[in-house]
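Residues per chain, in single letters:
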Amino acid sequence: IALEQALRKALEHNELEMYYQPQVDVSSGRIIGAEGLMRWNHPQRGLLSAGEFLPFAEENGLMLPISDWMLGALCRDLLQWNAAGGEAIRLSLNLSPQYLDRGDFFEKMRGALTRYGISPAQIEVEITENICIRNPQYAIEQLNKLCQLGVSVAIDDFGTGYSSLAYLHRFPIHTIKIDQSFVKEIHDENGHYPVILAIISIARGLGLHLVAEGVETDIQARYLEANGCSTMQGYLYHRPISLASFIEVLQEQS
Ligand code: G
Ligand code: G
Ligand code: MN
Ligand code: NA
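Scope of this entry: the structure provided in the associated data block. (Residues numbered from 1 in each chain as written. Chains lettered and ligands numbered in written order. Predicted model: local features only at pLDDT ≥ 70, side-chain atom pairs only at ≥ 80, totals over all residues. Heavy atoms only, no water.)

### Quick notes on the overall build of the protein
What counts, and what does not: Counting from the N terminus, the helices are DSSP H or I runs at least four residues long and the strands are E runs at least two residues long. The quantity called the radius of gyration is restricted to C-alpha atoms. Its globule counterpart is 2.2 Å times the number of residues to the power 0.38. When accessible area is computed with a 1.4 Å probe and restricted to protein chains, residues below 20% of their type maximum are described as buried, those above 50% as exposed, and intermediate ones as partly exposed. The criterion used for residue contact is that any of the two residues' heavy atoms lie within 4.5 Å. Note on areas: these come from Shrake-Rupley sampling with a 1.4 Å probe, and a residue is covered only by the protein chains present in the view. Lys and Arg are tallied as positive, Asp and Glu as negative. Neither His nor the chain termini are counted. For charged residues, the charge sits on one atom: NZ in Lys, CZ in Arg, CG in Asp, CD in Glu.
Within the protein, the regular secondary structure consists of 12 helices and 10 strands. For 254 residues, the compact-globule formula gives about 18 Å, and the C-alpha radius of gyration of the protein, at 18 Å, lands near that figure. Judged by the C-alpha coordinates and their principal axes, the protein covers about 50 × 45 × 35 Å. Here the protein, with 254 residues, has 49% of them falling under the buried criterion. Taking all contacts inside the protein whose residues are at least 6 apart in sequence as the whole, residues at least 24 apart take part in 68%. Of the roughly 11700 Å² of accessible surface on the protein, 50% is carried by carbon and sulfur atoms. When the 19 positive and 31 negative side-chain charges of the protein are each reduced to one mean point, those points stand 5 Å apart.

### So, the coordination of the manganese ion (ligand 3)
Short version of the rule: Sodium, potassium and calcium take a 3.2 Å donor cutoff, other metals 2.8 Å, and in both cases only N, O and S atoms count; water is not among them, so sites may look incomplete.
Within the protein, the atoms that donate to the manganese ion (ligand 3) are Glu35 (OE), Asn94 (OD1), Glu126 (OE) and Asp156 (OD), at distances of 2.1 to 2.4 Å. Along the chain, the residues donating to the manganese ion (ligand 3) fall in the pattern E-x58-N-x31-E-x29-D. Between the manganese ion (ligand 3) and the sodium ion (ligand 4), both coordinated by Asp156, there is a metal-metal distance of 4.2 Å. Of this pair, Asn94 sits in strand E4 (residues 90–94) while Asp156 sits in strand E6 (residues 152–158), and the two are 62 residues apart along the sequence. A residue is classified by how much of its surface remains accessible, and Asn94, at 27% relative accessible area, is partly exposed.

### Concerning the coordination of the sodium ion (ligand 4)
Under ideal tetrahedral coordination, the four donors around a metal are separated by 109.5 degrees; under ideal octahedral coordination, the six donors are separated by 90 or 180 degrees. Looking at the metal site, the sodium ion (ligand 4) is ligated by Asp156 (OD), Asp157 (OD), Glu213 (OE) and Glu213 (OE), spaced 2.1 to 2.9 Å from it. Counting gaps between the donor residues of the sodium ion (ligand 4) yields the pattern D-D-x55-E. Given a relative accessible area of 8%, Asp156 falls into the buried group. Classification of Asp157 as partly exposed rests on a relative accessible area of 27%.

### Considering the nonpolar core
Test applied: As used here, the term nonpolar core means buried Ala, Val, Leu, Ile, Met, Phe, Trp, Tyr and Cys residues forming a set that is joined through side-chain atoms within 4.5 Å.
Formed by 80 residues in total, the largest nonpolar core has its most connected members in Met38, Met109, Ile123, Ile178, Ile196, Leu224 and Phe246. Sort the elements by how many residues they give to this core and helix H3 (residues 63–83) lands first, with 10 residues. Among all residues touching Met109, those that are not within four sequence positions of it are Leu71, Leu93, Ile123, Val125, Leu146, Leu149 and Val151.

This is a description of form; function is not addressed.
Next comes the structure, spelled out in structure tokens:
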């Protein structure tokens, strides 16, 4: 169909682009990393966000070529930042379950890091909990290989998926991303938000990093920080921005 052809063309004609949403450590005020989010510069419809075309790609067999593209784009962008002499930051990428399921995913990742000369410590892979339940044994194997390579793993949208807590400690995970839906509930700095507190406590107990997503208000940021989560991602700090804008923002802070 039309959209499918347009997407194939987009790949050929370089219409896809990675945007980056900075993650801020509020205790130091510094950007410590960013999440890579895909955008499509559609010739007629303008800038499309990932949610507007990736579900379609997922259903039409385009997720694998698009994911290959994403991995290369992220590495090239990281090189550009490193070459500008910046301090080492970490970029995260969202991993589609289809991409992980492909047997050569790990080789692709290792190949890209080698080809571009990127330290694995600068890459974090975001997975959703659902990846873990489809074929947990296989997922554990793949994620273990990534960890041995030095790439870290984050659980995205934490708390919204179907994985049981029993799986959690079996997976080689470094970071938990608190889902925006929980952050959105925070309206009172002195309120009590037990789900957030429980997630923070799980992360602490397992020795994991925490990132709060979708932080939009000072009240949310203050509540999260007061209760033990100091890394924030959300419109209160930055929207997803182009690589050029991201580099500008990073240079302003150095
Ligand atoms: O940026 P946006 O709000 O459109 O993102 C919507 C969803 O698409 C999010 O859940 C995000 O994880 C996912 N997404 C964004 N960029 C990518 C990408 O490059 N690869 C994959 N697999 N998913 C992405
Ligand atoms: O599923 P995932 O967490 O990867 O999705 C991230 C999505 O959330 C991105 O598309 C990004 O544009 C969006 N996002 C990031 N920060 C905010 C925010 O503060 N508010 C809202 N409403 N969306 C956000
Ligand atoms: Mn994500
Ligand atoms: Na998320």
